[in-house]
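Inside the fold
Given next are the chains, with one letter for each unit.
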Amino acid sequence: MTLNLSLARNYEPEDVWLPFSESILEWDRDFYQLMLNDEIRMIAYKNAIQQVVKPGMVVLDLGTGTGILGLWALQAGAKYLYAIDLNSEILSIAIQTFEQGNFTGRYEVFNGISYDINLPTRVDLIISEIMGNIGDNEDFIPILTDARHRFLKKEGRMLPSRVYSKLVPVSSLKAHQQVQSKNAKRINANYSIENILQRFAIKSPFSIYYDVIIPHTSYLSTPQVAKEFKLDGNDQPVYEIALTFTVEVDGIFTGFKGSFVANLSDSVTLDISGCDIASRTTSDSWKHCYLPVEIPVEVKLGDEIYLLYSRSYPKYRDSLFRQCYKWSGTIKRQGHVINVFHQSMEGGE
Ligand SMILES: C[S@@+](CC[C@H](N)C(=O)[O-])C[C@H]1O[C@@H](n2cnc3c(N)ncnc32)[C@H](O)[C@@H]1O
């Protein structure tokens, strides 16, 4: 695959992009290229794989895509690699990747969703990069729980080994305005905001999340861990969490920034919350998760934002990857409610 660098750096702070994790079954080559160019993603995974893979290991690359993580595992000494992906077109690129690396006979690919795959043997290590920009928005919990139970040896390891979803209330009028005017950028021309709203039966463009670089200067409070995923086989994909944020600076509250931190190995941590595009601390492919609220609210130092944040599956699930986040709550000043917000991806409004 040739790299198209223009795709990588062609974004600005607070530009609203359509949520890529919501179109996982339609990803085209441009999006895989964007991931291959994503420096903070690639550097962190390469370092972690080089640390964790030991000669002689049998490794599973779950969601292998172009095969890059599996290739690094083989180069680090893995004895054998299993590579699974549901996208048959991209799996043919993975085969080319392993062949060009001279690993003929050292790998086997499986086309399909991991739930339907059976592996010939259990593995020492499961490598995956199936996280969305708030951690679990590519449904990684049920996928990795199933994989851990069926594919991993008792003493085997997961890479990543732990993931944290983080949230912070923000003031981003530019992003809010773009959502209001349904002016979201996209890489794939077939993927539009109207399509998403229609597919989910959602009327308000404020009831879905977006991929947006939200600068740290937009923070109204200190980011908090909303959810910790231990990837030990016991994580729950459906939950509801209550968080309270104390406003630390006067501003206009327009929604929340979501991001994740992933422990890839004992010393490699991937944190996508960075916001300096020029210094490459931002992630080209994930950006951040922007969960907007419909009505911007003027907030002052000391106000409290109470958030009820949840993830579930909607009643009508047109695909295995259909999920539903809700973010609702109240804003209080000196104990009195000054505003409320309620956004939901449930649909059927
Ligand atoms: C974010 S991409 C990462 C691709 C590649 N590992 C990399 O790092 O460049 C995730 C890939 O996982 C695949 N995928 C996600 N969930 C899957 C599942 N349950 N079974 C099989 N493939 C899956 C997608 O089709 C996609 O190619």
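For clarity, every value in this text was computed on a predicted model and none was experimentally measured.

1. Focus on the environment of E298
Topologically, E298 is positioned in strand β12 (residues 289–299). Using a relative accessible area of 54% as the deciding quantity, one classes E298 as exposed. Each C-alpha atom, one on E298 and one on L60, is 49 Å from the other, the two residues being 238 residues apart in sequence. Filtering out sequence-adjacent residues up to four positions away, E298 remains in contact with G251, I252, R333 and I338.

2. Considerations on the domain arrangement of the protein
Domain assignment breaks the protein into domain 1 (26–160) and domain 2 (163–344). The gap between the C-alpha centroids of domain 1 and domain 2 is 27 Å. Each partner contributes to the interface: domain 1 provides 42 residues, whereas domain 2 provides 50 residues. Across the interface of domain 1 and domain 2, roughly 3500 Å² is buried in total on both sides, 62% from carbon and sulfur atoms. For the domain 1 face of the interface with domain 2, the top three residues by lost area are I40, N133 and I134, together amounting to 21%. On inspection of domain 1 and its partner domain 2, the count reaches four salt bridges. We note a salt bridge from R280 to E39, for which the minimum N-O separation is 3.2 Å. For the pair domain 1 and domain 2, the interface holds 21 residue pairs in polar contact (both at pLDDT 80 or more). Class assignment for the residues of the side of domain 1 that touches domain 2 results in 21 nonpolar, nine polar and twelve charged.

Criteria and thresholds
Residues numbered from 1 in each chain as written. Predicted model: local features only at pLDDT ≥ 70, side-chain atom pairs only at ≥ 80, totals over all residues. Heavy atoms only, no water. Helix = DSSP H or I, 4+ residues; strand = E, 2+ residues; numbered from the N terminus. Buried < 20%, exposed > 50% of the residue type's maximum accessible area, 1.4 Å probe, protein only. Contact = heavy atoms within 4.5 Å. Domains from an automatic or database assignment. Buried area = accessible area lost by both parts, 1.4 Å probe. Salt bridge = Lys/Arg side-chain N within 4 Å of Asp/Glu carboxyl O. Polar contact = N/O pair within 3.5 Å; in protein donor to acceptor, adjacent residues only side chain to side chain. Nonpolar A, V, L, I, M, F, W, Y, C, P; charged D, E, K, R; others polar.

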